[in-house]
Amino acid sequence: MPRAFLGLPVNPDLAELVHQAQREIPGVRWISPPNLHVTVIFLGSQTTELLAAIARSLHDVPCPRVETTVTGVSVLPSERRPRVLALDLELTRATTHLVDRTRAAVGQHGVEMTTRPFRPHLTVARLKPSTRTHLTTLRDLLQDTLAQPFKCEQLNLYESMTRSTGAEYHVLHAFQLVDA
């Protein structure tokens, strides 16, 4: 069964800024620009039939375009246990509306989803614990991304495929977002 998620692709300008910031730092595995996205809903392992049904439901649900801004750089889950380096995005009304509509469309198929509040962020690197000493450097590298616009006119249903070089994401379905 494919592992899947719904996400927002990153606009090329922001992807290029992230790519320009990437440096060889021990313990840091940067996300390649084609794999950059904002996860809206993680679906986990699902049958292809269920993913097709979710895609049909999402085609019937108009969702708003997303326009937001990069507001900061964070380390998840915490500075003491760094695993992910992320760009934080402003939580706008349109983003909340998109997430609510998407959750409703997916929920009608019985898929269990997290109950945690949505925190829009863009994962830019995976970190090993040894990178704690490099956190200031990593934040400094990403300073040019702050206040950058994040605009998205498409929601994608992705399949996640694990490779020895890291995950690869393939778009199974793309849904055009509409003016709010």
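Anyway, here's the lowdown on the structure attached to this text. In this text, all values refer to a predicted model and were calculated from it rather than measured experimentally.

As a further point, take the overall build of the chain. Counting its regular elements, the chain contains 4 helices and 9 strands. Mapped from its N terminus to its C terminus, the chain presents α and β elements in the order β-α-β-β-α-β-β-α-β-α-β-β-β. Scaling as 2.2 N^0.38, a compact globule of 180 residues should have a C-alpha radius of gyration of about 16 Å, and the chain matches this with 16 Å. The C-alpha extent of the chain, read off along each of the three principal axes, is 45 × 35 × 30 Å. By residue count, 45% of the 180 residues in the chain fall in the buried class. Taking the intrachain contacts of the chain between residues at least 6 apart in sequence as the baseline, contacts between residues at least 24 apart amount to 76%. Looking at the chain as shown, the accessible area adds up to about 9700 Å², and 50% of this sits on carbon and sulfur atoms. With 19 positive and 17 negative side-chain charges, the chain shows a spacing of 8 Å between the two charge centroids.

In terms of burial, strand S1 (residues 3-9) is largely enclosed, as 5 of its 7 residues are buried. Relative to strand S3 (residues 37-45), S1 runs antiparallel, the two being bridged by 7 bridges. Paired with Leu 6 across the strands is Ile 41, a residue of S3. Where S1 meets strand S8 (residues 154-163), 5 bridges bridge the pair, whose relative direction is antiparallel. Looking across to S8, one finds that Leu 6 is bridged to Leu 157.

The rules behind each value
- Residues numbered from 1 in each chain as written.
- Predicted model: local features only at pLDDT ≥ 70, side-chain atom pairs only at ≥ 80, totals over all residues.
- Heavy atoms only, no water.
- Helix = DSSP H or I, 4+ residues; strand = E, 2+ residues; numbered from the N terminus.
- Rg over C-alpha atoms; globule rule 2.2 N^0.38 Å.
- Buried < 20%, exposed > 50% of the residue type's maximum accessible area, 1.4 Å probe, protein only.
- Contact = heavy atoms within 4.5 Å.
- Areas by Shrake-Rupley, 256 points an atom, 1.4 Å probe, with all protein chains shown as cover.
- Lys, Arg positive; Asp, Glu negative; His and termini not counted.
- Charge placed at Lys NZ, Arg CZ, Asp CG, Glu CD.
- Pairing = 2+ DSSP bridges.

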